[in-house]
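Understanding the architecture of this molecule
So you can see what is in the structure, the chains are spelled out below.
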Amino acid sequence: MLEIAESQGDMATVAALTGHAGMTAAEAGDLDGAARYWRRAIAAGSTDEKVADRFSVWLANRHEYPEAAHVLRQALIANPDSGNISERMRRRLTRCERMQAALRRPFPDVAAAHREFETLACSECGQTFQRSRIRGRKPLRCPSCAAGHLAIQ
Ligand SMILES: [Zn+2]
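The model shown is predicted, which means the values in this text are computed figures rather than measured ones.

Criteria and thresholds
- Sequence order as written defines the numbering, with residues in each chain counted from 1.
- Where local features are concerned, this predicted model is filtered to residues with pLDDT of at least 70; where side-chain atom pairs are given and counted, the filter is 80 or more; whole-chain, interface and lining totals use all residues.
- Helix and strand definitions follow DSSP, with helices as H or I runs of at least four residues and strands as E runs of at least two, each counted in order from the N terminus.
- With C-beta atoms placed from the backbone, a residue counts as buried when 20 or more other C-beta atoms lie within 10 Å of its own, as exposed when 12 or fewer do, and as partly exposed for counts between those limits.
- Multiplying 1.5 Å by the helix residue count minus one yields the expected span of that helix.
- Throughout, the arc means the angular range of directions from the helix axis out to the C-beta atoms.
- Here contacts are defined at the residue level, using C-beta atoms placed from the backbone and a cut-off of 7 Å between them.
- All axes are obtained by fitting lines to C-alpha atoms, using only the stretch in contact for helices, and the reported angles, taken between N-to-C directions, cover 0 to 180 degrees.
- Oblique is the label for every angle not falling under 35 degrees (roughly parallel), over 145 degrees (roughly antiparallel), or within 65 to 115 degrees (roughly perpendicular).
- Each helix crossing is assigned a hand: it is left-handed if the near helix lies turned anticlockwise from the far helix by less than a right angle, otherwise right-handed if that turn is clockwise.
- Each residue gets one label: Ala, Val, Leu, Ile, Met, Phe, Trp, Tyr, Cys and Pro are nonpolar, Asp, Glu, Lys and Arg are charged, and the others, such as Gly, are polar.

**Side note on the environment of arginine 73**
With respect to the helices and strands, the residue arginine 73 is situated in helix α5 (residues 65-78). A residue is classified by how many C-beta atoms lie within 10 Å of it, and arginine 73, with 16 of them, is partly exposed. In the structure, arginine 73 is positioned 43 residues away from glutamate 116 in sequence and 40 Å away in space, judged by C-alpha atoms.

See below:
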């Protein structure tokens, strides 16, 4: 039946059948199989809230935030004012969009670390050393040469 609907380009039937097949697979504990069906349902234009709800949880757990957000938007646009389930989906969509935005920023911690530290070359032993960029004059010697100088004096 699914093949017939697909061959006829009957996307509404494809969406309904694959959405339902996904639910059946999920009930049986086969979540990966369920996700394969649900992905086909969404591609066929499914706006089924139950499919969007379950599938977006599965996607978000795998950090597939752009796809999760797409699934949620597709269902929310079609079901703008249905109760609890869409409220939950709206909150999840917000979370997915926030995670998606965070992931787009490339390595924020590395960038911050580069701003906070600078690499200097020791005038005595020539080795490079790092110090935090914040305040004061740049030291000419690395910490171990500087310590040696203090000991000599
Ligand atoms: Zn040195």
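So, next bit.
**Quick notes on helix α3 (residues 31-43)**
Each α-helix turn comprises 3.6 residues. Residues three or four places apart therefore point the same way. Compared with the 18 Å implied by 1.5 Å per residue over 13 residues, the 18 Å span of α3 between its first and last C-alpha is a close match. All of the buried residues along α3 are Ala34, Tyr37, Trp38, Ala41 and Ile42. For α3, the arc enclosing every buried residue in end-on projection is 140°, short of the 170-degree limit, so these residues lie on one face. Away from its buried face, by an angle of more than 90 degrees, α3 presents the exposed residues Asp32 and Ala43. For α3, the elements touching its buried residues are α2 (11-27), α4 (49-61) and α5. In the stretch just after α3, glycine 45 is the one whose phi turns positive, near 100°.

**Focus: the packing of α2 against α3**
A pair of packed helices is captured by two measures, namely the crossing angle of their axes and the spacing between those axes. The geometry of α2 relative to α3 is characterised by a closest axis approach of 8 Å and an angle of 165° between their N-to-C directions. When the interaxial angle is binned, α2 and α3 end up roughly antiparallel. Here α2 and α3 pass one another in a crossing that is left-handed. Judged by residue contacts, Ala15, Thr18, Gly19, Ala21, Gly22, Ala25 and Ala26 of α2 engage Leu31, Gly33, Ala34, Tyr37, Trp38, Arg40 and Ala41 from α3.

**As for the packing of α4 against helix α6 (residues 83-104)**
Where α4 meets α6, the axes come as close as 11 Å, and the angle between the chain directions of the two elements is 30°. Relative to α6, the element α4 lies roughly parallel. In the crossing of α4 with α6, the sense of the turn from one axis to the other is left-handed. Residues Glu49, Ala52, Asp53, Ser56 and Ala60 of α4 form the contact with α6, whose participating residues are Ile85, Ser86, Met89, Arg92 and Cys96. Classifying every residue of the contact of α4 with α6 gives 5 nonpolar, 2 polar and 3 charged.

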